[in-house]
Amino acid sequence: MKDKKEKNKEATQEENTENNESSFTKLIYIILLYVFYLFGGLFNEKLTKTQYEYKDSENNIKNLRFKYPSISLCTLSILSFGISTYMSKTMKTKIFKEEVFSPISFHDKSIIGVLYTISTFTSQIALLYLDFIVKTIGKSCKSASIMFIYFLNTIPFCNSLLKKLLNNNEKDSKNKEDKILQKDVIKVIMTTTSVILFNLSSGSDKKGKNNDSSNSSFFGIIILLISLFSDGLLSLKEKMIQGNINSNKKYNGYEKIICWEYMQIFSFFTFMFGFGQIIFNIFFGDYIQIFKIILNNKILLKDLLSYAIFDVLGQSVLFIFLGKYGPLALSMVTSVRKILSISISILYFGKSISFPQSISLLLATSIIFWEIYDKGSKNKPKEIKKKNE
């Protein structure tokens, strides 16, 4: 009896130490994720908002606002592709004894690559016309993506087009769609109100420039909507790919590799599109002069490289965290990160927040926490089932 009790004590002690180690490791990953993405976001905002000084051919001092997302995203993609290729190969050799080919077809790779590229570029372009806070608020509402796709599905032509694009033959029940729609309508209304409130307040502060700022804000919101729509389609396609992988026993364990493969695909397509833009602008634009300015301006070069390095490190930690702790834990961490990003952006850049803007931020925070609650409540029945089994 004593031996059994001692063994049980030892077992519980081992479990406690393992849990403590796991919690500590998880905390380290969360801190790294916050630090890397926060610095990446700050350098990204600084790049698009700062007026960098440079000397022209006649030695006159001029200011340059960095509005060249193709250059920043190409720099980011090169680093991202290198890390994801290395991690993908390393993970494959660890998990699979024999060589395993990718379960994602070339057609599917092309679709998710193009959708991610559209989402990334439009998100970066939107930052040229909108405040970082407005962009973060808009991108935080995933329900907007669901809404766009839902309304497009009601149009017969768009419905058939989306099914061909996503290779989707499944039909969801109306009741399920209606339940999703009722909840998402409120979230989208809250997000729209939040964005309008923040934009109107910031526009009223700029005297004499109201028309220009309102036009540029409207253009920025349109671009942001395109980015959100691409996010929605990308999320649907990823779920379909994941379903195909899970149904094939040959790819057991591939869920730990798939995120690195996505990163590899996304960075490749982003680089190709950005590189194409750069080549075009070298011959028909002013990119030769821009490259000279970047290389001669140490502050601009430092900000550009810092943005790329921190963002890639953030992506890498994000995928490691996803593989270890699952999508639910990651979604909660990233949701809180968005609130921190908004707060630090306000503090770091010394932004004055008016009363309507504070209401806007309160609405945005409510939406983010609502998303966390929804994801948590969806996962609870699964956890209960596992415990019962």
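Just so it is clear, the model here is predicted, and its values are computed rather than measured.

Draft legend 1. Up close: the overall build of the protein chain. When helices and strands are counted, the protein chain shows 12 helices and two strands. Of all intrachain contacts in the protein chain linking residues separated by at least 6 positions in sequence, the fraction that spans at least 24 positions is 84%. Here the protein chain has roughly 23000 Å² of accessible surface; of this, 62% comes from carbon and sulfur atoms.

Draft legend 2. Examining the nonpolar core more closely. If you look at the biggest cluster of nonpolar residues, it comprises 36 residues, and the most contacted ones within it are L33, I112, Y254, Y262 and F321. For this core, the elements supplying multiple residues, two or more each, are helix 1 (2-49), helix 3 (106-129), helix 8 (210-246), helix 9 (255-284) and helix 11 (298-348). Here this core takes eight residues from helix 9, the largest share from any one element. Core analysis: the next-biggest nonpolar cluster, separate from the first, contains 22 residues, F66, C74, F121 and L300 among them.

Draft legend 3. Structural view of helix 10 (residues 287-296). Among all positions of helix 10, only Y287, I290, I293 and I294 are buried. One side of helix 10 holds all its buried residues, which, seen down the axis, span an arc of 115°. Exposed residues lying more than 90 degrees from the buried face of helix 10 are K292, L295 and N296.

Draft legend 4. Seen up close, the side chain of S230. In this fold, S230 is placed in helix 8. For S230, the contacting residues outside a window of four places in its chain are L115, I118 and S119.

Rules used in this analysis
Residues numbered from 1 in each chain as written. Predicted model: local features only at pLDDT ≥ 70, side-chain atom pairs only at ≥ 80, totals over all residues. Heavy atoms only, no water. Helix = DSSP H or I, 4+ residues; strand = E, 2+ residues; numbered from the N terminus. Contact = heavy atoms within 4.5 Å. Areas by Shrake-Rupley, 256 points an atom, 1.4 Å probe, with all protein chains shown as cover. Core = buried A, V, L, I, M, F, W, Y, C linked by side-chain atoms within 4.5 Å. Buried < 20%, exposed > 50% of the residue type's maximum accessible area, 1.4 Å probe, protein only. Arc of directions from axis to C-beta.

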